[in-house]
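Listed below are the residues making up each chain.
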Amino acid sequence: MTTKRLGFFTRLLDRVSAAERYRLASEQILHAERCGFDTAWVAQHHFHEAEGGLPSPLLFLAHVAAQTRRIRLGTGIITLPMESPLRVAEDAAVLDLLSEGRVELGLGSGGTPSSFPPFGLNSEARGEAYARHLALLRAALNDEALAGTDNHLYPPARGYASGSGRRRFR
């Protein structure tokens, strides 16, 4: 039987300064951990304050990880077409290592069409970019050689890599 887990998701929508939003969201997660929640998830949103205003969820979660001990920390979601998949893999691997394996990595193709052009992308092509970036991210997290070289993700994505009883990223 699967154990039930309790988590929550926040989009950081308080009508305050960015610094105060991040402080309030951090406090929410700290409180959730004290109350026994198992997971906390944050959304990534570029440019649009009214949608959440958190362009760097892994950086934010690193700050929270340093203040918590048990609660799992997730991205719900990272807009993968707008990101370098290798940087996402590297940042997630470092955060997972520093947080002692508490990272939940959620990915998506994105939503707000006006956010794509500053990244040199067209919203209509986000599905193709997502598929391409996801393939590279999976390869990195699964400790595969990258781009036909002998380069591998370092540190390895221990929470996602195969072997030693660890799960593979699918």
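Residues numbered from 1 in each chain as written. Predicted model: local features only at pLDDT ≥ 70, side-chain atom pairs only at ≥ 80, totals over all residues. Heavy atoms only, no water.

Overview of the packing of helix α3 (residues 85–98) against helix α4 (residues 126–141)
Item 1. Here α3 crosses α4 at 35°, and the two axes come no closer than 8 Å. For the pair α3 and α4, the sense of crossing is right-handed. Counted together, Pro 85, Leu 86, Val 88 and Ala 89 of α3 and His 133, Leu 136, Leu 137, Ala 140 and Leu 141 of α4 form the full contact between these two elements.
Item 2. Along the lines of polarity and charge, the residues of the contact of α3 with α4 split into eight nonpolar, one polar and no charged. (Axes fitted to C-alpha atoms, helices over the stretch in contact; angles between N-to-C directions. Helix = DSSP H or I, 4+ residues; strand = E, 2+ residues; numbered from the N terminus. Left-handed = near helix turned anticlockwise from the far one by under 90°. Contact = heavy atoms within 4.5 Å. Nonpolar A, V, L, I, M, F, W, Y, C, P; charged D, E, K, R; others polar.)

Topic: the UniProt feature "domain: Luciferase-like" (unreviewed entry) in the chain
Item 1. This chain's UniProt record puts "domain: Luciferase-like" (unreviewed entry) on residues 15–148.
Item 2. Strand forms 13% of residues 15–148 and helix 42%; the C-alpha atoms that close the span are 47 Å apart. (UniProt positions renumbered as here; feature names shortened; annotations may be inferred.)

A few points about the layout of surface pockets
Item 1. Space inside the largest pocket adds up to approximately 250 Å³.
Item 2. Every residue lining the largest pocket is counted, 15 residues in all, and those nearest its centre are Ser 56, Pro 57, Leu 58, Leu 59 and Asp 91.
Item 3. Only α2 (57–65) and α3 provide two or more residues apiece to the lining of the largest pocket. (1 Å grid on protein atoms, 1.4 Å probe; cavity = no way out; pocket = protein on both sides within 12 Å on 5 of 7 lines; lining within 4 Å. Points joined across faces, edges and corners; volume = space filled by probe spheres on them.)

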